[in-house]
Amino acid sequence: MSFEKYENVLLEEPEEGIAVLTVNRPKALNALNLATLQDIGDALREVKGRDDIRVLIVTGAGPKSFVAGADIKEMQNDNVTEALKLSKLAHSSFGEIEHLPQFVIAAVNGYALGGGCELASSCDMRIGSTTAKVGQPETGLGIIPGFGGTQRLTRLVGRDKAKEMIATCDMIDAKEAYRIGLFDEIAEPDELMDKAKDIAHKVMKNAPLSVARAKYSVDRGADLPLDVAVDLESQIWAEMFGTEDQKEGMAGFVEKRPKHFTGK
Ligand code: CAA
């Protein structure tokens, strides 16, 4: 079952704690217009407030495309001010993923181009279908990546590979995306969602607050000098000793029994 409140995305009711957010403009290969970017942000803000969602899977509607980028037809006549508004909206919407306490998996089911590669890069990990094609084609359109491609992609694959992908506009296949560290896993198309759910189940065995705070520590720390980043880690690590789940996790180990985490 899915909420019908968003025009361009589907947010399914969670099953066993796993919800799926589908970018849903298949006729345009799920290209991101303003309304879709707004819907993505709104749906993510909804997910943030839902305790019944532990892991979110982000994917694209239809067999062919995850997201084929920003909507070129809609933005082609934008002026500088309108372009800035579009980019800021994308940053605000994609930035919500990093602010979610939930773990977010991109299931890249086809083309992930421009804004599609940038949306996938904003997720906590990426599983690519063997049919996926990934690229940053913006320099071929007379622009640069504007939804995080010069920043998040660089942090994932390194400066030189990011600059190569951006300057050549090469569309790489799933194997190459895996080789350069852009995809963390690859799956056959009909096994993609099962693979994502298998990983989600592994995540859900662990303490929810620990997963959320570890995600925060990794993401925030990556942008800080190392001495400040390790201090942040110490603070968060120590805070965990004030949680019920730390007591439960360690008691479960010592008593050789299954652990029952409550997220408190
Ligand atoms: N914007 C708007 N419409 C798009 C689109 C996009 N990014 N990508 C695909 N579509 C539309 C097509 O115009 C077409 O619509 P019509 O049937 O009305 O003509 C429909 O989706 C199907 O696409 P194609 O017929 O082109 O399908 P194909 O199989 O021949 O090719 C493709 C698939 C290689 C992905 C091709 O559609 C393509 O190159 N798309 C554009 C990819 C791109 O350049 N993305 C980057 C956009 S810029 C960006 O993202 C900037 C940023 O920094 C965020």
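Residues numbered from 1 in each chain as written. Predicted model: local features only at pLDDT ≥ 70, side-chain atom pairs only at ≥ 80, totals over all residues. Heavy atoms only, no water.

Looking at an unreviewed UniProt entry, one finds the protein chain named 3-hydroxybutyryl-CoA dehydratase, with Lactobacillus acetotolerans as its source organism. Note on the protein chain: under the UniProt heading Sequence similarities (unreviewed entry), the record states "Belongs to the enoyl-CoA hydratase/isomerase family." (UniProt positions renumbered as here; feature names shortened; annotations may be inferred.)

A. Region of interest: a negative patch on the surface. Together, E188, D190, E191, D194 and D198 make up a negatively charged patch on the protein surface. Summarising the element assignment, D194 is placed in helix α8 (residues 192-204). (Patch = residues over 30% accessible without salt bridge, like charges linked within 9 Å, V, L, I, M, F, W, Y side chains within 5 Å. Areas by Shrake-Rupley, 256 points an atom, 1.4 Å probe, with all protein chains shown as cover. Salt bridge = Lys/Arg side-chain N within 4 Å of Asp/Glu carboxyl O. Lys, Arg positive; Asp, Glu negative; His and termini not counted. Charge placed at Lys NZ, Arg CZ, Asp CG, Glu CD. Helix = DSSP H or I, 4+ residues; strand = E, 2+ residues; numbered from the N terminus.)

B. Layout of the site of the ligand. Taken together, the neighbourhood of the ligand is formed by 25 residues, with K64, A70, I72, G115 and G146 sitting nearest. Side-chain polar atom of E118 to an oxygen atom of the ligand: 3.5 Å apart, as the coordinates give it. Burial of the ligand by the protein chains amounts to 66% of its free accessible area of 960 Å². Contributions of two or more residues to the shell around the ligand are made by α2 (72-75), β7 (111-113) and α4 (115-122). A per-element tally of the shell around the ligand places α2 first, with three residues. Partitioning the shell around the ligand into residue classes produces 15 nonpolar, four polar and six charged. (Near = heavy atom within 4 Å. Polar contact = N/O pair within 3.5 Å; in protein donor to acceptor, adjacent residues only side chain to side chain. Nonpolar A, V, L, I, M, F, W, Y, C, P; charged D, E, K, R; others polar.)

C. Up close: the pattern of salt bridges. Within this structure, the stated rule accounts for 19 salt bridges. Between E46 and K5 there is a salt bridge; the shortest N-O distance is 3.0 Å. Remark: K5 occurs in the loop between β1 (2-3) and β2 (9-12) and E46 occurs in helix α1 (residues 34-48); sequence separation between them is 41 residues. Exposure remark for E46: the relative accessible area of 15% places this residue in the buried category. A residue is classified by how much of its surface remains accessible, and K5, at 52% relative accessible area, is exposed. (Buried < 20%, exposed > 50% of the residue type's maximum accessible area, 1.4 Å probe, protein only.)

D. Highlighting the packing of aromatic side chains. With the rule as written, the count across this model stands at two aromatic pairs. Between F94 and F147 the ring centres are 6.0 Å apart and the planes differ by 85 degrees, which places this aromatic pair in the edge-to-face class. Pair noted here: F94 is in helix α3 (residues 80-99) and F147 is in the loop between β9 (133-135) and α5 (152-157), with a separation of 53 residues, a long-range link. Accessibility expressed as a relative area gives 0% for F94, which makes it buried. (Phe/Tyr/Trp six-rings, centres within 6.5 Å; stacked < 30°, edge-to-face > 60°.)

E. Summary view of unusual backbone geometry. Even without a glycine there, the phi angle at L29 is positive, about 55 degrees. With respect to the helices and strands, L29 occurs in the loop between β3 (18-23) and α1. Although it is not a glycine, K256 sits at a positive phi angle of roughly 55 degrees. Inspection of the secondary structure assignment puts K256 in the segment after α11 (244-254).

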